[in-house]
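Notes for the structure review
So the chains spell out like this:
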Amino acid sequence: MLYTASLTLLALLLSAILALNGLGSPLAVAHLAFAVGIVPLIFAAMSHFVPVLTRTGDPGRWLARLPMLAQGAGLCAVAAMQGLIPHFFLHLAAAVDLILAAILLNWIAGRARATLGSPHPGWRWYGAALGCLMLALVAILLIAVWPQYWPALRLFHLHLNTIGLVGLAALGTLPVLLPTALGRPDPEAAGWLRRRLWLVAGGALVIATGAAVLWPFAAPGAALVLVAALGLVGQWVRRFGIRSMLADGVSASLLAAVAGLLLTLAAGVAHGARLLPGKPGLLAWAVGFLLPLVSGALSQLLPVWRWPGPTIPARKLMREKLAATGVWRAGLFFASAVALLAGWATLGGALVALGMLLFIIGLLQAVRVTRSTL
């Protein structure tokens, strides 16, 4: 998992540098972040959380290799998009990722069936997220059969990945991860996950279908996801209080990620109504939602992945180093998303660069922590 997280951070950093400097194919640069960075990280996170949610044992060695295989497929896809290898390898990479997602989905379902009693409802969110990824990959494969439908299939693929895979995986994890970061339980988390899955999964499908066919049909889907996300924030505010969440770097980052999702959903509707261009909205989604989500989640999970088992002082110190600038990062990433949507690309780029610099500094300090650190 540490290997996957390291390559994810490297892919995100490299894609950000390339994007800010206008280097490389925009499609290849975007997939460097998503196919090489985010998808494998989601696979790794699922393999970490599912045994917890189902109260079963750790994943086997074969399943632990899925994120690494997904990163290999992602690198193949990026190389094909950049023209470094034949375009055929793009469809081959999509087929490989489709198989890997199916294997992971089958494993998750098997773990749910093996649970003594009822498994935590969060596992269903992971299943729905993988279902969206599989549909998105099928859309890519269909482009080779029906190239005349490329624009519609591309939009279907894009929205199922951004709102379906990432949105469902994030909102399925945050009700458990944020209370864990604060060290305080949330008895309402399981109920929210049980009630709201159909809202977010249905909303993601409606958004993707509407974007591909006729944009007004996407607006109700965005409303469904907005209602669910707002309800989660309201639940957190009642349970923990806004000051408590903003006082911790991890929870502040996770809260900023949900705020960024809400912002970019509204921006997506505005784009459909031709009030905003599409590119700033996609960049704002990556900056305002994805970066605080990944940096916040890794701040909590990297120490656990480095030192699994009982809590030790070094794990606590490593988390402190990673979370130290979390509040500032959260503010910078959200402000960058707002700036990008407002058309201030230079300011937005500077803000996100500063936020990433703070995370890199914290990461470098964290990796220097050893078991002997007092």
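Values in this document were obtained by computation on a predicted structure and should not be read as measured data.

If you check helix α8 (residues 189-213), its first and last C-alpha atoms are 35 Å apart, about what 25 residues at 1.5 Å a residue would give, namely 36 Å. R196 marks the point of greatest bend in α8, at about 50°.

So, about the environment of G272. Relative to the helices and strands, G272 is located in helix α11 (residues 249-272). On the accessibility criterion, G272 (16% relative accessible area) is buried. Each C-alpha atom, one on G272 and one on I17, is 29 Å from the other, the two residues being 255 residues apart in sequence.

Next up on the list: the side chain of T264. With respect to the secondary-structure elements, T264 resides in helix α11. Of note is the side chain of T264, whose polar atom sits 2.8 Å from the backbone oxygen of G260. Excluding residues within four positions of it along the chain, T264 makes contact with G281, A284 and W285.

On average, residues of the protein chain carry a pLDDT of 89, and 98% of them reach 70 or more. The lowest-confidence element of the protein chain is helix α1 (residues 2-20), averaging 79 in pLDDT; the highest-confidence one is helix α14 (residues 326-341), averaging 95.

According to the stated counting rule, one finds one cavity of 30 Å³ or more in the structure shown. For the largest cavity, the lining is made up of 20 residues, of which L41, I42, A45, L293 and A297 are closest to its centre. Elements represented by at least two residues in the lining of the largest cavity include exactly α2 (26-54), α7 (150-182) and α12 (278-306). Per element, the largest residue contribution to the lining of the largest cavity is seven residues, and it comes from α12. Class assignment for the residues of the lining of the largest cavity results in 19 nonpolar, one polar and no charged.

Parameters at a glance
Residues numbered from 1 in each chain as written. Predicted model: local features only at pLDDT ≥ 70, side-chain atom pairs only at ≥ 80, totals over all residues. Heavy atoms only, no water. Helix = DSSP H or I, 4+ residues; strand = E, 2+ residues; numbered from the N terminus. Expected span 1.5 Å × (residues − 1). Bend = angle between axes of the 7 residues up to and from the residue. Buried < 20%, exposed > 50% of the residue type's maximum accessible area, 1.4 Å probe, protein only. Polar contact = N/O pair within 3.5 Å; in protein donor to acceptor, adjacent residues only side chain to side chain. Contact = heavy atoms within 4.5 Å. pLDDT = per-residue confidence, 0-100. 1 Å grid on protein atoms, 1.4 Å probe; cavity = no way out; pocket = protein on both sides within 12 Å on 5 of 7 lines; lining within 4 Å. Points joined across faces, edges and corners; volume = space filled by probe spheres on them. Nonpolar A, V, L, I, M, F, W, Y, C, P; charged D, E, K, R; others polar.

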